Amino acid sequence: MAQGDRTEGNALLQALRSGDRMALGRAITLVESTRPADKAAATALVRDALKADTASVRIGVTGIPGVGKSTLIDALGMELIGRGHRVAVLAIDPSSTRTGGSILGDKTRMERLAGEDRAFIRPSPSGGTLGGVARRTREAMILCEAAGYDRILIETVGVGQSETAVDQLTDLNLLLAIGGTGDSLQGIKRGIMESADLIALTKTDGDNEPRNQRAAMDLKQAIALLPPRENGERPPVKLCSATTGKGIPQLADALETIAATNLANGYQARRRQAQTHWWLHAAIQEALAGEFNNDARIRMALPAMEEQVARGEISPFDAAEELLRVFRG
Ligand code: GDP
């Protein structure tokens, strides 16, 4: 690594540790950069940031678009700031990997938080695979923690795969939903519910109030039939309104209780350890796949092999073996 990279990284780390938000923004831009020239400095920066001794809680906030995630994050974030915390809001938005533009983490949707010195809001990194986006979000999270943010909220659209990625980043997950008409629940899929540590029925105001109360009862019954989460707990169900603020302190209490329990019984440490194991293997697979796909011989051989597989002349498994033989030289 060039000496210049090292010095620049050190200066940046010191600045962000001293609370310089611009430096934090610049540091995140550096780790999000796909320029090969930035890679060494970014790696050193994250490695040094990891040494920071911080006691953070990483909270995933999931739910379908329109359910009220950003409005709730604004209200919850203000509540946490009122309790003396510093709040970072990051986002994983799989659609931004396609469009190149992010819809999540938009400052204008979190107006109160955006004006707070003790809050830092960053939209989803764009471009690349979901795994790549999640990895850059993880690095951004580590930088935020080194900068003294102790409550990290990671916003994700609840559309399937992205929960798996967010599950590898967070200590606990908050699922947002609203009661629907009849007995349907909007925004809950079984798989998603299984990764939730806490469920909040939001928009519990006006006409929604009786609907959400009914939905809360139904949900509690459904949850009683599910196996407990890995930490031995079943997710509590909370009613709240981000608009009126009703139920927000209780929601924050419930989150803090889960976080404190997970810390005390060692679950948080075990979970973070399992996550580093997962990231190790994800990084290996990504690197290997990258090398394979960029190999000149593979690029030459692959199209013909794909055609042969399509025509049924060779099985996909034999074709893969053959290509690996070429790759190994
Ligand atoms: P997201 O797409 O999940 O981030 O949802 P938003 O936070 O952007 O909210 C979607 C819409 O629901 C917006 O028009 C909000 O004003 C509205 N909304 C969000 N929270 C509440 C709430 O607690 N009560 C009511 N009545 N409306 C809300």
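Residues numbered from 1 in each chain as written. Predicted model: local features only at pLDDT ≥ 70, side-chain atom pairs only at ≥ 80, totals over all residues. Heavy atoms only, no water.

Enquirer: Help me understand the nonpolar core in this model?
Expert: One broad trend across soluble globular proteins is that nonpolar side chains are buried collectively. Judged by nonpolar contacts, the single largest core of 37 residues is most densely connected at Leu16, Leu24, Leu143 and Cys144. At the level of elements, helix H1 (3-17), helix H2 (21-32), helix H3 (36-50), strand E2 (87-92), helix H7 (130-146), strand E4 (151-157) and helix H8 (161-167) are the ones that each hand at least two residues to this core. It is H7 that contributes the most residues to this core, 9 residues altogether. For this core, the domains that each give at least three residues are domain 1 (1-51) and domain 2 (53-265). When sequence neighbours within four positions are dropped, the list of residues in contact with Leu24 reads Leu16, Phe120, Leu143, Cys144, Ala147 and Tyr149. Of all hydrophobic cores here, the second largest spans 32 residues; its members include Leu72, Ala75, Leu76 and Ala254. (Core = buried A, V, L, I, M, F, W, Y, C linked by side-chain atoms within 4.5 Å. Buried < 20%, exposed > 50% of the residue type's maximum accessible area, 1.4 Å probe, protein only. Helix = DSSP H or I, 4+ residues; strand = E, 2+ residues; numbered from the N terminus. Domains from an automatic or database assignment. Contact = heavy atoms within 4.5 Å.)

Enquirer: I tried to follow the site of the ligand on my own but got confused; where do I start?
Expert: Taken together, 16 residues are adjacent to the ligand, and Gly66, Ser70, Thr71, Asp205 and Thr243 come closest. The side chain of Ser241 places a nitrogen or oxygen atom 3.4 Å from an oxygen atom of the ligand. Ala242 is positioned with one of its backbone polar atoms (N or O) 2.8 Å from an oxygen atom of the ligand. Here the ligand has 580 Å² of accessible area as a free molecule, and 68% of this is covered by the chains. The element best represented in the shell around the ligand is helix H4 (residues 69-82), accounting for 3 residues. Split by residue class, the shell around the ligand holds 4 nonpolar, 7 polar and 5 charged. (Near = heavy atom within 4 Å. Polar contact = N/O pair within 3.5 Å; in protein donor to acceptor, adjacent residues only side chain to side chain. Areas by Shrake-Rupley, 256 points an atom, 1.4 Å probe, with all protein chains shown as cover. Nonpolar A, V, L, I, M, F, W, Y, C, P; charged D, E, K, R; others polar.)

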